[in-house]
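Letter by letter, the chains look like this.
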Amino acid sequence: MKDVYIGIIGLGNVGSGTLAILAANADQIALKLGFRLKVAAVCSRSVASVTLPPGLGDDVVRTTDWRDVVSNPKVDIVAELVGGTGTAREMIDGAIAHGKSIVTANKELMALAGAEIWDTAIKANINLAMEASVAGGIPIHAVLREGISGDRVVALAGILNGTSNYILTEMERRGESFDKILAEAQALGYAEANPGADVDGFDARSKLAILAALAFGERITPSDIFVEGIRRITAQDFDYAHQLGHTIRLVCGARQTEQGLILSVRPALIPQTTILASVKGAYNAVWVKGQFGGDTFYYGRGAGANPTGVAVVSDLMRVAREIRSGSPERVSPFAHERLGEYKPVPVTLQHRAYYLRFLVNDRPGIIAELAGILAAKQIGLEAVLQLPCETKHDLPFVITVEPTSELAVQEAVAEMSKLDFLREPPLALPMEPPL
Ligand code: HSE
C-alpha cells in the first residue's frame, strides 16, 4: 500500500518526542499498518538549528512558514503541535482547506471550538484526532470514543493537571506551603514561570470540557465548568483532611444528577481509601462510572515528550489507516449528535458535605457566631476540629457540615466573610463521596 506522509508544525517538547518515536519505531509502525508513515515536512521558528533524528530520511522539507506544510501536496496529515488559539486555528483551518487530515495536541483550541472544527473537517471529508490534548499518556479518548462507548457514562472524575497534583502531593508529603513547593517546582522546570493556567485550574478545565463532551455527547465549553484553583490550600488543610480520613486533590468532576450535568474543577476532599487518592506527583488519572459496566480507572503520565508523543503517533497511525482504507465512517471525538440529555447546570445545585476552614483572630464566641449563620441557612453542623496552634492571631480551625446545597454554603460563606475576627474569607471545599 502507498505510504502516508506527515507534516509536523511545532518542534517543541511534543513535536520532538513525536519525531523521535516516528524514527525509532518506523519499522514496527510499518508492520502494524502495512505501509510506511513518513515525515514529509517539519516547521518551527528555529528549524534551521534543529537536528532531526536519524531514520527520518534525507528528503524532509524544513520550513519556518506553516503555510508551506499545509499546502504541501505530498502531505496527507498535518500534526498541529503548537498550541494556543490564535495561529493554531489558522493552521488547522488551512490544513482543512487543503484537504489534509489533522492530528492535534491542542486542548485549549479543542475545548473552545473543537465541535465546530470537527463539523468543518467532516464536511471536507478529512479526519481530526486529538488524543494528545487530554492526559497525554493515557489513551482516554480511545476509551470513551470506542472502548466503553456502548455504555452510558453517569459520572467521571479526573486528576488532569500534573503540575497541581505534584504541588499538592508534595505539600502533603512534606508539610510545606504552596508558595515554597511552587517555587521549587518552577526552579526544577516542573511548573511554568507564569503558573496560572495550571494552579488556577484553567488547563484542567479545558481538558475536562473535552472529556465531558466525549463522555456525555454534549457540546460543552469551558465556561460551562465551575473552576477554582489550589492557591489557598495550606499544609494544615492536609492535616485536617487526614484527621477526617481524607486527602485533597484538584478534582475534575462531571456528574449526571436529576437536575442536569454538574461540571467542576476544584480542590476537594476525597476519602483516602479511594483509588484517586493514590495518584501522586505529576501523574494523571481518569475514573469513569458507566451505568452498565460500572467503574473503570485509567492512570498514566499526563505530559512529557514521550508519553504525549506516543499519543500523537498513535493518532497519526489511526488517521493514516483510515486514509488508506478509505473509511468514510469517522467516530466523532464529540461522541454523537446532541441528545440534550446532559444539560450542564450550575454547580450551586450540587449537594455535598463541605469542609469549611477558618483563619481567625481568636476571641470568645467565634464558633457561636459561625454556627448561627449555618443554622439560619438550615445547614447541619457535623464536626468541629482544632489542631494545637501556637498563635491566637492566625488560628486555623475547621467545621464540617452535613450534605447541603452549594448555594447555601456559598451564601453562608459570603455572610461569614463580613465577620471581623476572620483573617481571610472561609475556605469551603466539597467532600466528594466515592464515584
Ligand atoms: N501543564 C500540564 C500539566 C501539562 O501540568 O498537567 C500539559 O497539559
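Criteria and thresholds
- Residues numbered from 1 in each chain as written.
- Predicted model: local features only at pLDDT ≥ 70, side-chain atom pairs only at ≥ 80, totals over all residues.
- Heavy atoms only, no water.
- Helix = DSSP H or I, 4+ residues; strand = E, 2+ residues; numbered from the N terminus.
- Rg over C-alpha atoms; globule rule 2.2 N^0.38 Å.
- Buried < 20%, exposed > 50% of the residue type's maximum accessible area, 1.4 Å probe, protein only.
- Contact = heavy atoms within 4.5 Å.
- Lys, Arg positive; Asp, Glu negative; His and termini not counted.
- Charge placed at Lys NZ, Arg CZ, Asp CG, Glu CD.
- Pairing = 2+ DSSP bridges.
- Arc of directions from axis to C-beta.
- Salt bridge = Lys/Arg side-chain N within 4 Å of Asp/Glu carboxyl O.
- 1 Å grid on protein atoms, 1.4 Å probe; cavity = no way out; pocket = protein on both sides within 12 Å on 5 of 7 lines; lining within 4 Å.
- Points joined across faces, edges and corners; volume = space filled by probe spheres on them.
- Nonpolar A, V, L, I, M, F, W, Y, C, P; charged D, E, K, R; others polar.
- Domains from an automatic or database assignment.
- Near = heavy atom within 4 Å.
- Polar contact = N/O pair within 3.5 Å; in protein donor to acceptor, adjacent residues only side chain to side chain.
- Areas by Shrake-Rupley, 256 points an atom, 1.4 Å probe, with all protein chains shown as cover.
- Sits in = over half its atoms within 2 Å of the grid points.
- Phe/Tyr/Trp six-rings, centres within 6.5 Å; stacked < 30°, edge-to-face > 60°.

Before going further, it helps to examine the overall build of the protein. When its secondary structure is counted, the protein shows 14 helices and 17 strands. In summary, the protein has a C-alpha radius of gyration of 24 Å against a globular reference of 22 Å for 435 residues, a match within 12%. Along the longest, intermediate and shortest principal axes, the C-alpha atoms of the protein span 80 × 45 × 35 Å. Per-residue burial for the protein yields a buried fraction of 54% across its 435 residues. Across the protein, every contact between residues at least 6 apart in sequence was considered, and the portion connecting residues at least 24 apart equals 73%. Within the protein, the 49 negative side-chain charges are centred at a point lying 4 Å from the centre of the 41 positive side-chain charges.

Pairing in this open sheet of six strands is parallel, and the strands run 3-2-1-4-5-6 from one edge to the other. Both outer strands of the open sheet, strand 3 (61-63) and strand 6 (128-129), are each paired with one neighbouring strand and no more. The pairing of strand 5 (residues 101-104) with strand 6 spans two bridges and is parallel. Bridging from a neighbouring strand, Ile102 pairs with Leu128 of strand 6.

Bringing helix 2 (residues 26-33) into the picture now. For helix 2, the full list of buried residues reads Ala26, Ile29, Ala30 and Leu33. When helix 2 is viewed along its axis, its buried side chains cluster within an angular range of 100° and face the same direction. The exposed residues of helix 2 that point more than 90 degrees off its buried face are Asp27, Leu31 and Lys32. Looking at the buried side of helix 2, the elements it contacts are helix 1 (13-24), strand 2 (37-43) and helix 12 (305-325).

Time to look at the pairing of strand 17 (residues 427-431). Two faces, one strand: in a regular strand the side chains alternate between the faces of the sheet. Counting buried residues along strand 17, five of its five residues qualify, which places the element largely inside the surrounding structure. The alternating pattern of strand 17 places Leu427, Leu429 and Met431 on one face and Ala428 and Pro430 on the opposite face, and all of these are buried. Both strand 14 (residues 351-360) and strand 17 contribute to a ladder of five bridges, which runs antiparallel. In the strand pairing of strand 17, Ala353 is matched with Met431.

For the rest of this paragraph, the subject is the pattern of salt bridges. Evaluation of the coordinates by the stated rule reveals 29 salt bridges. Notably, a salt bridge pairs Asp65 with Arg67, separated by 3.1 Å at the nearest N-O pair. Note on Asp65: relative accessible area 27%, which makes it partly exposed. Classification of Arg67 as partly exposed rests on a relative accessible area of 44%. Notably, a salt bridge pairs Glu432 with Arg352, separated by 3.0 Å at the nearest N-O pair. Here Arg352 lies in strand 14 and Glu432 lies in the segment after strand 17, a separation of 80 residues in the sequence. Classification of Arg352 by relative accessible area gives buried; the value is 9%. Look at the salt bridges and you will find they share partners, linking Glu170, Arg173, Arg174 and Glu184 into a network.

Let's shift gears to the layout of surface pockets. The volume enclosed by the largest pocket comes to roughly 1300 Å³. Its residues assigned to classes, the lining of the largest pocket comprises 20 nonpolar, 17 polar and nine charged.

This next bit is on the domain arrangement of the protein. By domain assignment, the protein separates into domain 1 (4-139 + 305-335), domain 2 (141-301) and domain 3 (350-431). Taking only C-alpha atoms into account, the centre of domain 1 sits 50 Å from that of domain 3.

Another aspect to go through is the site of the ligand. In the neighbourhood of the ligand, the contacting residues comprise Lys107, Asn161, Gly162, Thr163, Asp198, Asp203, Lys207 and Ala303. Residue Thr163 places a side-chain N or O atom 2.5 Å away from an oxygen atom belonging to the ligand. One of the side-chain nitrogen or oxygen atoms of Asp198 is found 2.9 Å away from a nitrogen atom of the ligand. Here the ligand, which alone exposes 260 Å², has 77% of that area covered by the protein. At a threshold of 2 Å from the grid points, most atoms of the ligand map onto the largest pocket.

Now for the environment of Met110. By the secondary structure assignment, Met110 is in helix 5 (residues 107-123). The class of Met110 is buried, set by a relative accessible area of 1%. The spacing of Met110 and Thr221 is 111 residues in sequence and 9.4 Å in space, taken between C-alpha atoms. When sequence neighbours within four positions are dropped, the list of residues in contact with Met110 reads Ile92, Thr104, Ile117, Leu128, Met130, Ile210 and Phe334.

Turning our eyes to something else, we now look at unusual backbone geometry. At Ala135, a residue that is not glycine, the phi angle is positive and equals roughly 50°. Relative to the helices and strands, Ala135 resides in the loop between strand 6 and helix 6 (140-147). On the accessibility criterion, Ala135 (1% relative accessible area) is buried.

So, on to the packing of aromatic side chains. Under the criterion given, the structure shown has four aromatic pairs. Look at Trp287 and Phe297: their rings are 6.3 Å apart centre to centre, the planes differ by 75°, and that puts the pair in the edge-to-face class. Of this pair, Trp287 sits in strand 11 (residues 283-290) while Phe297 sits in strand 12 (residues 294-301); the two residues are 10 residues apart in sequence, bridging distant segments of the chain. Among the residues examined, Trp287 registers a relative accessible area of 12% and is labelled buried. On the basis of relative accessible area, Phe297 is assigned to the partly exposed category, the value being 26%.

Let us look at empty space enclosed by the protein. Scanning the entire structure with this criterion turns up one cavity of 30 Å³ or more. For the largest cavity, the lining is made up of 20 residues, of which Ala157, Val251, Arg255, Glu432 and Leu435 are closest to its centre. Among the elements of the structure, strand 7 (153-159), strand 9 (246-256) and strand 10 (261-271) are those that each provide at least two residues to the lining of the largest cavity. Per-element tally for the lining of the largest cavity: the top contributor is strand 10, with five residues. Its residues placed into classes, the lining of the largest cavity shows 12 nonpolar, four polar and four charged.

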